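Chain residues, written in single-letter form:
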Amino acid sequence: MTFEELLAEGASVPVEGWDFSWFEGRATEERPPWGYSRLLAERMATGRAALDIDTGGGEVLAQIPHPPPVLVAAESWAPNLAIAQRNLAPLGASVVAVGEDGDLPFPAGTFDLVVSRHPVDTRWDEVARVLAPGGTYLSQQVGAGSVRELTDAMMGPQEVSLSRDPRRAVAEAEAAGLEVVDLRTAALRMEFHDVAAVIVFLRKVIWTVPGFTVDAYRPQLAEMHERIQAGGPFVAHSQRFLIEARKR
């Protein structure tokens, strides 16, 4: 495909929900060694009442084989709500709209399990509040400097924010009264095989290049297209960490 055709394709792909199946054959990402989906399924199978925060379109949660008796998914981005309701209906889950960074609309001690995969931000105080005593929070999160190679290629060298440093997450969890019982980190190889895949990724994972549009970044996209054509896939590394905390 020509550069112009790739630009048009990348700009037209729907990006609602958290389904990455479009990238098959276009981009790859190494998976974390701990297997979040497996851990999620194990915890859900033994849970009584569970909450999934920032569920997206419910794609990950929908894969669990044995839901707990009470299952709730919370999402702040309006376009994802209908997708989540459709995906999670077979599990009997309720989908609730919440404000970004807002309080969770649940009484204290409601859930014995709270989970979140790639939360936009973690309100540790609210997680601790809605957990029942002895309850668990399990989350796979984006670490500091994730996909920084792609960010720098689009925006020039950027300072890495420590807001997503795993050590900061531990400190905030403990400050909220939780005991961190597991912390694991991983740097995972990513490959983008064409510039359309880059565009779709940046439209979907909007914090990688804030305010990204095809028109605004056309020169950088042209340079990346030439780079991929000449040297093969563009390589970046995603940063991930798994954190598990328990309410004392």
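Section: the nonpolar core
Counting residues in hydrophobic clusters, the biggest one holds 31 residues, and the most contacted among them are Leu150, Met154, Phe192, Phe201, Leu202, Phe212 and Leu221. Mapped onto this core, the elements with two or more residues apiece are helix 1 (3-12), helix 5 (148-155), strand 7 (178-192), helix 7 (195-204), helix 8 (218-231) and strand 8 (234-247). Ignoring any residue separated from it by four or fewer positions in sequence, one finds Leu221 in contact with Phe3, Leu7, Met154, Val195, Val198, Ile199, Phe212 and Val214.

A few points about the packing of aromatic side chains
The way to describe two aromatic rings as a pair is by their centre distance and the angle between their planes. In total, this model carries six aromatic pairs according to the counting rule given. Between the aromatic rings of Phe20 and Phe23, the centroid separation amounts to 5.6 Å while the plane-to-plane angle is 25°, which identifies the pairing as stacked. Of the residues examined, Phe23 reaches a relative accessible area of 6% and is grouped as buried. Between the aromatic rings of Trp124 and Tyr137, the centroid separation amounts to 5.1 Å while the plane-to-plane angle is 75°, which identifies the pairing as edge-to-face. Of this pair, Trp124 sits in helix 4 (residues 124-130) while Tyr137 sits in strand 6 (residues 131-142); the two residues are 13 residues apart in sequence, bridging distant segments of the chain. Using a relative accessible area of 5% as the deciding quantity, one classes Trp124 as buried. Grouped by ring-pair contacts, the aromatic residues Phe20, Trp22 and Phe23 constitute a single cluster. Lys204 extends its terminal NZ or CZ atom over the ring of Phe20, reaching a point 5.3 Å from the ring centre.

Description of the layout of surface pockets
Empty space within the largest pocket amounts to approximately 1100 Å³. Taken together, 46 residues make up the lining of the largest pocket; nearest its centre are Val142, Ser146, Val147, Val205 and Arg240. Broken down by secondary-structure element, the contributors of at least two residues to the lining of the largest pocket are strand 1 (27-29), helix 2 (36-45), strand 6, helix 5 and strand 7. Ranked by the residues each element gives to the lining of the largest pocket, the list is headed by helix 5, at four residues. Grouping the constituent residues of the lining of the largest pocket by class yields 20 nonpolar, 15 polar and eleven charged. Here the second largest pocket is characterised by a volume of approximately 580 Å³. If you trace the second largest pocket, you find 26 residues lining it, with Trp18, Glu75, Asn80, Val120 and Trp207 closest to the centre. Secondary structure elements with two or more residues in the lining of the second largest pocket: helix 2, strand 2 (49-53) and helix 7.

So, empty space enclosed by the protein
Applying the stated criterion across every chain, the model contains one cavity of 30 Å³ or more. Considering only enclosed or pocket space, the largest cavity measures out at about 210 Å³ in volume. Along the walls of the largest cavity sit 18 residues, with Ile53, Asp54, Asp101, Asp121 and Arg123 positioned nearest its centre. Class assignment of the residues belonging to the lining of the largest cavity gives a composition of seven nonpolar, five polar and six charged.

Thoughts on the pairing of strand 7
Judged from the three bridges that link them, strand 1 and strand 7 form a sheet pairing that is antiparallel. Counted as the bridge partner of Thr28 is Glu191 from strand 7. Note: strand 7 against strand 8, 14 bridges, orientation antiparallel. Across the sheet, Met190 pairs through a bridge with Ala236, a residue of strand 8.

What to know about the pattern of salt bridges
Per the counting criterion, the structure on display carries 16 salt bridges. Note that Arg26 and Asp194 form a salt bridge whose closest N and O atoms lie 2.6 Å from each other. With Arg26 in the loop between helix 1 and strand 1 and Asp194 in the loop between strand 7 and helix 7, the pair connects residues that are 168 residues apart, well separated along the chain. Accessibility expressed as a relative area gives 16% for Arg26, which makes it buried. Of the residues examined, Asp194 reaches a relative accessible area of 13% and is grouped as buried.

Some thoughts on the side chain of Ser116
Here Ser116 lies in strand 5 (residues 111-117). One polar contact links the side chain of Ser116 to the main-chain carbonyl oxygen of Ile53, over a distance of 2.8 Å. Excluding anything up to four places from it in sequence, Ser116 contacts Tyr36, Asp52, Ile53, Asp54, Tyr137, Leu138, Ser139 and Gln140.

Description of the packing of helix 7 against helix 8
Two elements in contact, helix 7 and helix 8, have axes separated by 9 Å at closest approach and are oriented at 135°. With respect to each other, helix 7 and helix 8 are oriented oblique. For the pair formed by helix 7 and helix 8, the contact residues are Val195, Val198 and Ile199 on the first element and Leu221, Met224, His225 and Ile228 on the second. The residue makeup of the contact of helix 7 with helix 8, split by class, is six nonpolar, one polar and no charged.

Rules used throughout
Residues numbered from 1 in each chain as written. Predicted model: local features only at pLDDT ≥ 70, side-chain atom pairs only at ≥ 80, totals over all residues. Heavy atoms only, no water. Core = buried A, V, L, I, M, F, W, Y, C linked by side-chain atoms within 4.5 Å. Buried < 20%, exposed > 50% of the residue type's maximum accessible area, 1.4 Å probe, protein only. Helix = DSSP H or I, 4+ residues; strand = E, 2+ residues; numbered from the N terminus. Contact = heavy atoms within 4.5 Å. Phe/Tyr/Trp six-rings, centres within 6.5 Å; stacked < 30°, edge-to-face > 60°. Lys NZ or Arg CZ within 6 Å of the ring centre and 35° of its normal. 1 Å grid on protein atoms, 1.4 Å probe; cavity = no way out; pocket = protein on both sides within 12 Å on 5 of 7 lines; lining within 4 Å. Points joined across faces, edges and corners; volume = space filled by probe spheres on them. Nonpolar A, V, L, I, M, F, W, Y, C, P; charged D, E, K, R; others polar. Pairing = 2+ DSSP bridges. Salt bridge = Lys/Arg side-chain N within 4 Å of Asp/Glu carboxyl O. Polar contact = N/O pair within 3.5 Å; in protein donor to acceptor, adjacent residues only side chain to side chain. Axes fitted to C-alpha atoms, helices over the stretch in contact; angles between N-to-C directions. Parallel < 35°, antiparallel > 145°, perpendicular 65-115°, else oblique.

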